[in-house]
Amino acid sequence: MLDLNKSETDAPEKASEGEAGEAAGPLHPAPLRPYLIAAVLLCAVYFLYAYVRFSHFQSPSWDLGIFEQEVRAYAGLHAPVVDIKGPGYLILGDHFSPVVALLVPLYWVWPSAVALLFAQAALFAVSAVVVGRTVQQILGGRAGLCATAAYGLSWGLQEAVKADFHEIAFAVPLIALVCRALLTGRWRAAVLWALPLVLVKEDLGVTVAVVGGLLAFYGRRLQGFLLAAFGVFSFALTVLVLIPAASSAGTYDYWKKIEEDGGQQVSPLDSLLGILDSSVKLEMLVFLVGITAFMALRSPLILLVLPTLGWRLLSQDSNHWGMVWHYSAILMPVVFLAMADGIRRSRGSKRPWLVSYANVAVPVAAAIAVALTQHLPFRELLRPETYRADARTHAAEEALRAIPAGARVETDITLMAHLTGDRTVYWIGGAPGTAPDVVAINLDFGWSRPIDDPVEYAQQLHPEARYRITREAGSFVVMERTTKAP
């Protein structure tokens, strides 16, 4: 067995003045090697799951294609135009995420959507190192590796891996580093790790402001005030100036997620009163803190979840409410490091039952994570059929081979991320007047109305052109334009 309390290279560190926790003391040693091994294993699991789904054409949304088009544009030293969102669409007018440009060197070497999936797997694995070692240093014993397993298998990360790549992959390790710095009293590091969050996504400026508030709570009032002001200013600048300036509509479209429900206006009061009006929201909140054996609730660090939870619970879009998609990934490092702080605080409690519970909370959290995995995406990795290519996969591969490299293609989600590497790709029905070279559709995609005549459907989309079927494979139909481009 590894003795994680002994290390030749890591010496106990003294926490600085203005200690973050009530019962804080010297930090325990935490050798890096076991956590690097754990990170490599987690990265392999994340990437394996993402790659198998990708290779079997199981992408759940258009997002992977969108991000590859963005990175591909940056790699070509062009403005980040994403034609999937509309011909000539500047993606910075949708979300402000210039941080994805950091993927350009990887994309130069590996020009594929798969490179983005690998990058996300690696970033999540790095965050596991930060979380696990921090827990080890704060709590000692073998808590760190237990926490690494619980965190690495947490439902927020599993669902994010299932949802393909998103820009929040960069926020996960950054937030972990911010929380680590706060818990170990490294105030300057907390500020420096928080600053780049405003380049990941526009709403994270509010999270940065809360980091400033926590710094003030821990006694660093000037640093806290300046960071909070920076976060608020950055949020206002991006949603009121930068995004509208890049948007063809001249507005920040995502206000509508709060203000409208099915096209109907929703008053601010109704939005506020509806924060907990769904069992889906309540389930998500219970599982968010439940995976830490509820110990995260004993730490001020838990306040960092409020900005993200705030816009999600106010949103009228039910996709934002629950445990699926990628929205909870950035909350995972917060709750697990808040758990470590909560346990540290509880160990000094005058209530014996709380002390006893705190001493077993990490193994309980690990047991919860393992038990939940039976109902989460990674369970599929244990099934042999997960790795077998079925008839649908072979049909999709045949359809791909029928689409020439360099073509302008209009398609649905099924083939999209497989085409964006070397074709110009449009969303089906989202590129009027372009007369793409190829229209490729999956008849089983889940259309609101069945498509009985694919050629007629293509010509309804583009009356200025004519199309003919060049390949049919299973439910996939590939049609080429027979007339000259307008």
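Source: prediction; values computed, not measured.

Here we take up the overall build of the protein. Each helix and strand counted, the protein has 19 helices and 7 strands in total. For 486 residues, the compact-globule estimate of 2.2 N^0.38 gives 23 Å, and the C-alpha radius of gyration of the protein, at 24 Å, lies within 12% of that figure. Projecting the C-alpha coordinates of the protein onto the three principal axes gives extents of approximately 80 × 50 × 45 Å. Relative to its full complement of 486 residues, the protein shows a buried share of 55%.

The subject of this paragraph is the pattern of salt bridges. Summed over the entire model, instances satisfying the criterion amount to 9 salt bridges. Between Lys257 and Asp317 there is a salt bridge, with the nearest N and O atoms lying 2.9 Å from each other. With a gap of 60 residues between them, Lys257 in helix 11 (residues 256-259) and Asp317 in the loop between helix 14 (306-314) and helix 15 (332-346) connect regions that are remote in the sequence. Note on Asp317: relative accessible area 17%, which makes it buried. Note that Asp277 is salt-bridged to Lys281, the shortest N-O span being 3.1 Å. Here the residues in one salt-bridge network are Asp341, Arg344 and Arg345, joined through shared partners.

Turning our attention to the side chain of Asp412. Structurally, the position occupied by Asp412 is in the loop between strand 3 (408-411) and helix 18 (413-419). Of the side chains with opposite charge, Arg392 comes closest to the buried, unpaired Asp412, at an N-O distance of 7.3 Å. Within polar-contact distance, the side chain of Asp412 engages the side chain of Thr414 at 2.8 Å. Of the polar contacts made by the side chain of Asp412, one reaches the backbone nitrogen of Asn442; its length is 2.8 Å.

The next point concerns the side chain of Asp341. On the secondary structure map, Asp341 appears in helix 15. There is a polar contact of 3.2 Å between the side chain of Asp341 and the side chain of Arg344.

Rules and cut-offs
- Residues numbered from 1 in each chain as written.
- Predicted model: local features only at pLDDT ≥ 70, side-chain atom pairs only at ≥ 80, totals over all residues.
- Heavy atoms only, no water.
- Helix = DSSP H or I, 4+ residues; strand = E, 2+ residues; numbered from the N terminus.
- Rg over C-alpha atoms; globule rule 2.2 N^0.38 Å.
- Buried < 20%, exposed > 50% of the residue type's maximum accessible area, 1.4 Å probe, protein only.
- Salt bridge = Lys/Arg side-chain N within 4 Å of Asp/Glu carboxyl O.
- Lys, Arg positive; Asp, Glu negative; His and termini not counted.
- Polar contact = N/O pair within 3.5 Å; in protein donor to acceptor, adjacent residues only side chain to side chain.

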